[in-house]
Protein chains: 4
Amino acid sequence: MQGERMRAAIAGASGYAGGELLRLLLGHPLEIGALTAASSAGDRLGRHQPHLPALADRVIEPTTTEVLSGHDVVFLALPHGQSAAVAAELGDNTLVVDCGADFRLARAADWAEFYGGTHAGTWPYGLPELPGQRELLRGARRIAVPGCYPTAVSLALFPAFAAGLAEPDVVVVAASGTSGAGRSPKVHLLASEVAGSVSAYGVGGVHRHTPEMEQNLSAVAGRPVRVSFTPTLAPMSRGILATCTAPATPGLTAAALREAYEAAVKDEPFLRLLPEGVWPATAMTVGANTAALQVTLDERAGRVIAVVAIDNLTKGTAGGAIQSVNLALGLAEEVGLPLNGVAP
Amino acid sequence: MQGERMRAAIAGASGYAGGELLRLLLGHPLEIGALTAASSAGDRLGRHQPHLPALADRVIEPTTTEVLSGHDVVFLALPHGQSAAVAAELGDNTLVVDCGADFRLARAADWAEFYGGTHAGTWPYGLPELPGQRELLRGARRIAVPGCYPTAVSLALFPAFAAGLAEPDVVVVAASGTSGAGRSPKVHLLASEVAGSVSAYGVGGVHRHTPEMEQNLSAVAGRPVRVSFTPTLAPMSRGILATCTAPATPGLTAAALREAYEAAVKDEPFLRLLPEGVWPATAMTVGANTAALQVTLDERAGRVIAVVAIDNLTKGTAGGAIQSVNLALGLAEEVGLPLNGVAP
Amino acid sequence: MQGERMRAAIAGASGYAGGELLRLLLGHPLEIGALTAASSAGDRLGRHQPHLPALADRVIEPTTTEVLSGHDVVFLALPHGQSAAVAAELGDNTLVVDCGADFRLARAADWAEFYGGTHAGTWPYGLPELPGQRELLRGARRIAVPGCYPTAVSLALFPAFAAGLAEPDVVVVAASGTSGAGRSPKVHLLASEVAGSVSAYGVGGVHRHTPEMEQNLSAVAGRPVRVSFTPTLAPMSRGILATCTAPATPGLTAAALREAYEAAVKDEPFLRLLPEGVWPATAMTVGANTAALQVTLDERAGRVIAVVAIDNLTKGTAGGAIQSVNLALGLAEEVGLPLNGVAP
Amino acid sequence: MQGERMRAAIAGASGYAGGELLRLLLGHPLEIGALTAASSAGDRLGRHQPHLPALADRVIEPTTTEVLSGHDVVFLALPHGQSAAVAAELGDNTLVVDCGADFRLARAADWAEFYGGTHAGTWPYGLPELPGQRELLRGARRIAVPGCYPTAVSLALFPAFAAGLAEPDVVVVAASGTSGAGRSPKVHLLASEVAGSVSAYGVGGVHRHTPEMEQNLSAVAGRPVRVSFTPTLAPMSRGILATCTAPATPGLTAAALREAYEAAVKDEPFLRLLPEGVWPATAMTVGANTAALQVTLDERAGRVIAVVAIDNLTKGTAGGAIQSVNLALGLAEEVGLPLNGVAP
């Protein structure tokens, strides 16, 4: 029955997101079809993803419609702005999954302000844990994979906003490993620069993931939520740890807060509310599709503090993408997605 | 005139703070006198501080009044709660510098809430950059060295509060290297646990440095400032990067904000306001007594965002201590304190 | 048929080797039975292995015969010297797998010299790739899991010695991540000490893995092979990179050398001879049960240079153990063992 | 007398070697003159060396004869092959210090084999610790700064060869931090690739530093020494740890070996023979101009094992350069060179 397995193509197979998609698909019922890239077309995959010996001899093809067509699923792990053209040429019956930003935002004004140029459109947003979102993904044929930071932040705060326990004035500071910045060589991403150093960047409301966070949390809260977001770069390859705070609504108790989070994660296969007093570490989630959560009420400051750890490449990109694909294809949501991580 | 040099003893010479004090004192006019410790008394210093060959053959003595007395300056890098007893036995003419927490807090209630037990008292607080503080340190014979996080956060925000540009509702998230947690072996500080992982701890208003931050910023602001503080542990040895935010006062402009910071750092030898658009990285300050600062106005969220990088062992502990000692002894404030760091 | 699954107990479940055994067994047909430990008995496993949510609520039991008996397989990840007593009380029909050193060495004199005390005995040695070794493991009920360094070095050099291409005068220098040193907190394993530092230890023929390497290579070569072994500690959690050199036999050509290695790995599921010109990196094998190999002839110096990368916790301990267990139980050798790693 | 200070220009001021030269020169009697570079000419230095606030506002000039001339000392930290042309245009009275490889090798054949093209020539070799070398550097007006690996290896083994205690068949395996590979962005130097990974490269007698090691050790031994050299890349920014072994001469005792090393380092300001049983770690030397050495006799294998740690940017490049400059200018050899490092 091998011939009847559905096949997936990966555009951008030589990058980090592409590599993680492949690692996960090797344990997933989808068959791995064409692997494509731009400048590395013609190379063996082993040259770029030497941790995946099962695919070492596969040849990377150019990213063309001809190569990508004929697959049941096409994952696009391309630079921003390239996905719309590729998707347009693939049929409506092909499940196209964009790991880039092009189709995440609902408002053209947000796109113009943060990315510039013309907004490509809006696809079903691949974060099934958000209220109501899972249903929108079942049977979908277009999926916009969330940004890694918005995944983390939305998962950390949606229980509070869904239950009306926080005021819509969010402050987030997050640390990310370098793999989130991709594989193009740049001086500030060199090991010599990053080793032993944490640095801030994109400060002051200018990071492109900001409107995406606001979009998600506003939808949950039912009113506009503003987010002050500061990303930092940490000396590690994988992982995001986001500290997300908002003023507590008057009268909120620690017990009520915890109860809301327990209820929110109860049926979620990939959300883990840690035991009280245990705080997330990114090492808890390396290679896993989980989000490790903890929440508390800072009574002194009157704030809800939620902290979340994810693997930016797994739950934050490739794993999240496959989770949504499972829903779209009618598979069990957990298929092929690791619950347990690799540590230490 | 060698015989007339003033001499300094270091209690806690086998730990990280003690090692950094020694590194700096090797380039300082103070003569290094007795080196003391508890369990490592009797060892050569080289066994514990192998990066300091100039002192390798010095023998560590026990921390007793007998050994410490007779020095002009005594640095105490001891566990919390031990400094008062030692200081009481040293004469009033001895400059006693406590790198621990015992004498930092002004209010006994804060001590009781965050440390427990009886408050030892309050000494002149060794952060010369705070308005009016420098004068209090000149000629002092007791100095409480600030905590590493309060050093970072106070330096990041005092210009805003001194100029009345921020509301007193501060949110801080900071990443620290592991050396801030000291040299006692604990599982969660093992390299295997920390490598590749950022983790949160002490969340929810319970970290002991919280009241110290509030004390400093409230004094500057002239009204109570509350701080929601979340510390995180990053996979590096040295460095703190603190992201410090507060609501902007109505009508604040980016230009006014920058102007206030420029004015605040203008005559400060160790505060560096980075060029606009450049954000701090801890690598900018490794081994240096500087604080690298940047500030911006997040107009979308209506918040002042100040980010600061320091070396927790240098400006955050040993360098800050020596800076205050320089003032107390009537030396030039910059003596023996590196302005330039070690990178990459 | 769940009731008929064979069950495995893990003694030492709160350590790094225990955690890796559990991670792999979660994807293996063996059912996970009792989890035991010494000082952490009574704790939930989630406190010690927070990366394994599937087992978070399991309670750790004390390491007693009563708890361990009744399992089909018992993995012992205990400190050296404790395995013999435990094994003696388990029946001969129980498959006992010792991840410690107690039963690795064939000669009591080697044990006495390197470990001291009385030699416990010799069990079938769990490195199936060594010539003839696979057959000895089929149906075995006792298995001595090789040391992590001997695994790496033996895999790197057995092809050369089996083919008679190298003289028996081996020099090995290897770098290991800190997880190989275990989870007991010690100062030299603190993140602050290890970050940014490579250090040597156990130099001069005194490391306990030396006689094990000599035993393996001598058996392959059919004559005594001596090994000068220098281990180093690198700032990473997982991985061993071993550079293994020996004088080339007269007349050896690069082509003949490569041919011998190609032949040696041809049918091995977990040995990967990299394409010519590509050298191993430990990142190629993180979380995978593979050994990444490369070999060359240094014609200038007349030496065979073989370099190997493994994950010390996977192929070097837990994965290697399960590979041998698969053989012992008559399962397919590859069952439950990852071929692909987690990178970057 | 400020006007009479000698001035030094640095060509390549935006790279890692240039930055380290500047860091050290800020504490050295030479006045810092022109700072030059290629693509970053016109930038402020602070953009490229943000750890050096003392020079932040200096403007980088293009690397031209016009800019460089008129200095007493010119440091060239340029890509290989560019130094000869620059040096030719500077007068014979200018002290020209080449941190590149162009003038290190004595034999044109070695140059042709390892670098290709025409050999530029041979300048006095800046490793004062080698027997007889110090005298050659006094008053020199051209200095070839040794490679970082040859510095480490030569310092580790010259005592053994000078005393005739080792056979000329050397095996070296060394780990280096990434800063040794420079600041040009390349994929394999990205933090994401390097974090958590040790990798081998340049294996099999092909690394360009090999003939330089052989040249040094052969000169000391008075007979040809061959070196099998394997470099590896470790996840850290600074530091080299080299394990250097050679067969012991017949009858060598551990005591005689140690005695030879003690004699060799006795009058050397920057060589540290560690106490017996203590092995080098790169963290012992970060930012210092020292080499930390240890040696032992592996009696089982009949080999001398010497291990050395240096900071590749300090003793391995910039510090070593300034040490030779001090000799050339008639200054005290230690001037401006840190003996103590920065740790942890």
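Residues numbered from 1 in each chain as written. Chains lettered and ligands numbered in written order. Predicted model: local features only at pLDDT ≥ 70, side-chain atom pairs only at ≥ 80, totals over all residues. Heavy atoms only, no water.

Under the annotation held in an unreviewed UniProt entry, chain A carries the name N-acetyl-gamma-glutamyl-phosphate reductase and is attributed to Planotetraspora kaengkrachanensis. Regarding chain A, the UniProt comment filed under Sequence similarities (unreviewed entry) reads as follows: "Belongs to the NAGSA dehydrogenase family. Type 1 subfamily." Among the UniProt annotations of chain A, the heading Pathway (unreviewed entry) holds the following wording: "Amino-acid biosynthesis; L-arginine biosynthesis; N(2)-acetyl-L-ornithine from L-glutamate: step 3/4." (UniProt positions renumbered as here; feature names shortened; annotations may be inferred.)

J.: Honestly, the overall build of chain A in this entry has me stumped. Any pointers?
T.: Broken down by element type, chain A carries 10 helices and 13 strands. Taken over the C-alpha trace, chain A has a radius of gyration of 20 Å; the compact-globule value for 344 residues is 20 Å, and the two agree within 12%. Along the first, second and third principal axes, the C-alpha set of chain A runs to 60 × 45 × 40 Å. Partitioning the contacts of chain A with sequence separation of at least 6, the portion at a separation of at least 24 is 69%. When the accessible surface of chain A is totalled, it reaches about 11000 Å², and 52% of it is carbon and sulfur. For chain A, the distance from the average site of its 24 positive side-chain charges to the average site of its 31 negative ones is 3 Å. (Helix = DSSP H or I, 4+ residues; strand = E, 2+ residues; numbered from the N terminus. Rg over C-alpha atoms; globule rule 2.2 N^0.38 Å. Contact = heavy atoms within 4.5 Å. Areas by Shrake-Rupley, 256 points an atom, 1.4 Å probe, with all protein chains shown as cover. Lys, Arg positive; Asp, Glu negative; His and termini not counted. Charge placed at Lys NZ, Arg CZ, Asp CG, Glu CD.)

J.: Help me understand the pattern of salt bridges in this model?
T.: Where charged atoms of side chains with opposite charge meet at close range, the side chains can pair. Using the criterion set out here, one finds 77 salt bridges over all chains in the structure. The salt bridge involving A:Arg107 is made with A:Asp110; its shortest N-O contact spans 3.0 Å. Between B:Arg47 and B:Asp43 there is a salt bridge, with its nearest N and O atoms 3.4 Å apart. The network of salt bridges with shared partners includes A:Glu20, A:Arg23, A:Arg238 and A:Asp311. (Salt bridge = Lys/Arg side-chain N within 4 Å of Asp/Glu carboxyl O.)

J.: Help me understand the interface of chain D and chain C in this model?
T.: Interface size is commonly expressed as the accessible area that is lost once the parts come together. In this assembly, 47 residues from chain D lie in contact with 47 residues from chain C. Contact between chain D and chain C buries roughly 3500 Å² in total, counting both sides, with carbon and sulfur atoms accounting for 59%. Counting the surface chain D buries against chain C, the share from its top three residues, D:Val198, D:Val203 and D:Arg300, is 19%. As a salt-bridge pair, D:Asp169 and C:Arg303 come within 3.8 Å of each other at their nearest N and O atoms. (Buried area = accessible area lost by both parts, 1.4 Å probe.)

J.: Teacher, can you tell me more about the packing of helix α6 (residues 148–162) of chain A against helix α8 (residues 210–221) of chain A here?
T.: Two quantities define a packed helix pair, namely the angle between the helix axes and the distance between the axes. Residues and elements named next belong to chain A. At their nearest, the axes of α6 and α8 sit 9 Å apart, and the two run at 20° to each other. As far as their axial angle goes, α8 and α6 are roughly parallel. Crossing handedness for the pair α6 and α8: right-handed. Of α8, the residues touching α6 (which contributes Tyr149, Pro150, Val153, Ser154, Leu157, Phe158, Phe161 and Ala162) are Glu212, Met213, Asn216, Leu217, Val220 and Ala221. Of the residues contributing to the contact of α6 with α8, the split by class is 11 nonpolar, 2 polar and 1 charged. (Axes fitted to C-alpha atoms, helices over the stretch in contact; angles between N-to-C directions. Parallel < 35°, antiparallel > 145°, perpendicular 65-115°, else oblique. Left-handed = near helix turned anticlockwise from the far one by under 90°. Nonpolar A, V, L, I, M, F, W, Y, C, P; charged D, E, K, R; others polar.)

J.: Could you clarify how one ought to interpret the UniProt feature "active site" (unreviewed entry) in chain A in this entry?
T.: Residue and element names in this part refer to chain A. The sites that UniProt annotates as "active site" (unreviewed entry) are Cys148. For Cys148, the position within the fold is in helix α6. By relative accessible area, Cys148 is classed as buried at 13%. (Buried < 20%, exposed > 50% of the residue type's maximum accessible area, 1.4 Å probe, protein only.)

J.: It is not clear to me how the side chain of D:Glu333 should be interpreted in this structure. Could you clarify?
T.: Residues and elements named next belong to chain D. Within the secondary structure, Glu333 sits in the segment after α11 (314–329). Judged by its relative accessible area of 11%, Glu333 falls in the buried class. Among the polar contacts listed, one links the side chain of Glu333 to the side chain of Arg134, at a separation of 2.7 Å. Among the polar contacts listed, one links the side chain of Glu333 to the side chain of Gln323, at a separation of 2.7 Å. Discounting residues that sit within four places of it in the chain, Glu333 has contacts with Pro128, Arg134, Pro269, Phe270, Gln323, Asn326 and Leu327. (Polar contact = N/O pair within 3.5 Å; in protein donor to acceptor, adjacent residues only side chain to side chain.)

J.: It is not clear to me how the relation of the copies chain D and chain C should be interpreted in this structure. Could you clarify?
T.: Each of the two chain copies can be generated from the other by rotation about an axis followed by a shift along it. Structural alignment of chain D on chain C gives an RMSD of 0.0 Å, achieved by rotating through 180° and translating 0.0 Å along the axis. Interpreted geometrically, this transformation is the action of a two-fold axis. The fraction of interface residues of chain D whose copies in chain C are also interface residues reaches 100%, indicating that both copies meet through the same surface. (Least-squares fit on C-alpha atoms with pLDDT ≥ 70 in both.)

J.: Where do I start with the interface of chain C and chain A in this structure?
T.: Taken together, the 23 residues of chain C in the interface contact 23 residues of chain A. Between chain C and chain A lies a buried interface of about 2000 Å² when both sides are counted; carbon and sulfur atoms form 62% of it. Sorting the residues of chain C by area buried against chain A places C:His51, C:Asn340 and C:Pro344 first, and these three jointly supply 32% of that buried surface. Between the two partners, chain C and chain A, sit 0 salt bridges. Our enumeration of links across chain C and chain A arrives at 14 residue pairs in polar contact (both at pLDDT 80 or more). Element by element, the count of residues in the side of chain C that touches chain A is highest for helix α1 (residues 16–25) of chain C, at 3 residues.

J.: Would you take a moment to explain the relation of the copies chain C and chain A for this structure?
T.: Superposing chain C onto chain A requires a rotation of 180° together with a translation of 0.0 Å along the rotation axis, leaving an RMSD of 0.0 Å. Both copies present the same face, since 100% of the interface residues in chain C are matched by interface residues at the equivalent positions in chain A.

J.: Would you explain the environment of B:Val170 in this entry?
T.: Residues and elements named next belong to chain B. Looking at the secondary structure, you find Val170 in strand β7 (residues 169–176). Along the chain, Val170 and Arg226 lie 56 residues apart, while their C-alpha atoms are 6.1 Å from each other. Not counting residues up to four positions away in its chain, the partners in contact with Val170 are Leu157, Phe161, Leu217, Val225, Arg226, Val227, Ser228, Thr245 and Ala246.

J.: Before we go on, may I ask you to explain the pairing of strand β7 (residues 169–176) of chain A in this structure?
T.: Regular strands place their side chains on alternate faces of the sheet. Residues and elements named next belong to chain A. When you tally the buried positions in β7, you get 8 out of 8 residues, the bulk of the element. Because side chains alternate across β7, one face comprises the buried residues Asp169, Val171, Val173 and Ala175, and the other comprises Val170, Val172, Ala174 and Ser176, equally buried. Across 8 bridges, the pairing between β7 and strand β9 (residues 226–233) is parallel. Opposite Ala175, over in β9, you have Thr232 as the bridge partner. Of the strand pairs in this sheet, β7 and strand β10 (residues 240–247) are connected by 6 bridges, and their pairing is antiparallel. By the bridge assignment, Val171 is partnered in β10 with Thr245. (Pairing = 2+ DSSP bridges.)

J.: Before we go on, may I ask you to explain the packing of aromatic side chains in this structure?
T.: The description of two aromatic rings rests on the distance between their centres and on the angle between their planes. All names here are of chain A. Taken as a whole and judged by the stated rule, the model has 12 aromatic pairs over all chains. Pairing Tyr149 with Phe229 gives two aromatic rings, centres 4.9 Å apart and planes at 65°, and the pair type is edge-to-face. Here Phe229 lies in strand β9 and Tyr149 lies in helix α6, a separation of 80 residues in the sequence. One cation-aromatic arrangement involves Arg142 over Trp123; the distance from NZ or CZ to the ring centre is 5.6 Å. (Phe/Tyr/Trp six-rings, centres within 6.5 Å; stacked < 30°, edge-to-face > 60°. Lys NZ or Arg CZ within 6 Å of the ring centre and 35° of its normal.)

J.: Would you explain helix α10 (residues 314–329) of chain C in this entry?
T.: The periodicity of an α-helix, 3.6 residues per turn, causes residues three or four places apart in sequence to face the same way. Residues and elements named next belong to chain C. If you check α10, its first and last C-alpha atoms are just 19 Å apart, much less than what 16 residues at 1.5 Å a residue would give, namely 22 Å. A bend of about 45° at Gly320 is the largest found in α10. The element α10 is largely enclosed, with a buried count of 16 among its 16 residues. Phi turns positive, to about 80°, at Gly330, one or two residues after α10. (Expected span 1.5 Å × (residues − 1). Bend = angle between axes of the 7 residues up to and from the residue.)

J.: Explain empty space enclosed by the protein to me, please; I cannot follow it from the model alone.
T.: Rolled over the atoms, a probe sized like a water molecule indicates the empty space that remains. Under the criterion given, the structure shown has 3 cavities of 30 Å³ or more. Counted as a void, the largest cavity has a volume near 120 Å³. C:Val173, C:Ala175, C:Thr232, D:Ala175 and D:Thr232 are the residues nearest the centre of the largest cavity, which is lined by 16 residues in total. Estimated volume of the second largest cavity: approximately 100 Å³. If you go around the second largest cavity, you meet 14 residues; those closest to its centre are A:Val173, A:Ala175, A:Thr232, B:Val173 and B:Thr232. Sorting the residues of the lining of the second largest cavity by element identifies β7 and β10 of chain A together with β7 and β10 (240–247) of chain B as the ones contributing at least two each. A per-class count over the lining of the second largest cavity returns 10 nonpolar, 4 polar and no charged. (1 Å grid on protein atoms, 1.4 Å probe; cavity = no way out; pocket = protein on both sides within 12 Å on 5 of 7 lines; lining within 4 Å. Points joined across faces, edges and corners; volume = space filled by probe spheres on them.)

J.: Can you walk me through helix α9 (residues 210–221) of chain D in this structure?
T.: Residues and elements named next belong to chain D. Its 12 residues give α9 an end-to-end C-alpha distance of 16 Å, which sits within 8% of 16 Å, the value for a rise of 1.5 Å per residue. Extensive coverage of α9 is indicated by the burial of 9 of its 12 residues. Considered for burial, the residues of α9 that qualify are Thr210, Pro211, Glu212, Met213, Glu214, Asn216, Leu217, Ser218 and Val220. Of the surrounding secondary structure, the elements contacted by the buried residues of α9 are α5 (108–114), α7 (148–162), β7 (169–176) and β9 (226–233). With its phi angle positive at about 75°, Gly222 sits one or two positions after the end of α9.

J.: Could you clarify how one ought to interpret the sheet that holds strand β6 (residues 142–144) of chain A in this entry?
T.: Pairing between the strands of a sheet comes from backbone hydrogen bonds, and it takes one of two forms, parallel or antiparallel. Residues and elements named next belong to chain A. Spatially, 6 strands are ordered β3-β2-β1-β4-β5-β6 in an open sheet, and the strand pairing comes out parallel. Bordering the open sheet on either side are β3 (61–62) and β6, each of which pairs with just one other strand. In the sheet, strand β2 (residues 31–37) pairs with β3 via 2 bridges, with the strands oriented parallel. The residue of β3 that forms the bridge with Ala37 is Pro62. Those strands touched by helix α1 (residues 16–25) are β1 (7–11), β2 and β4 (73–76), and its axis lies near 160° from that of β1.

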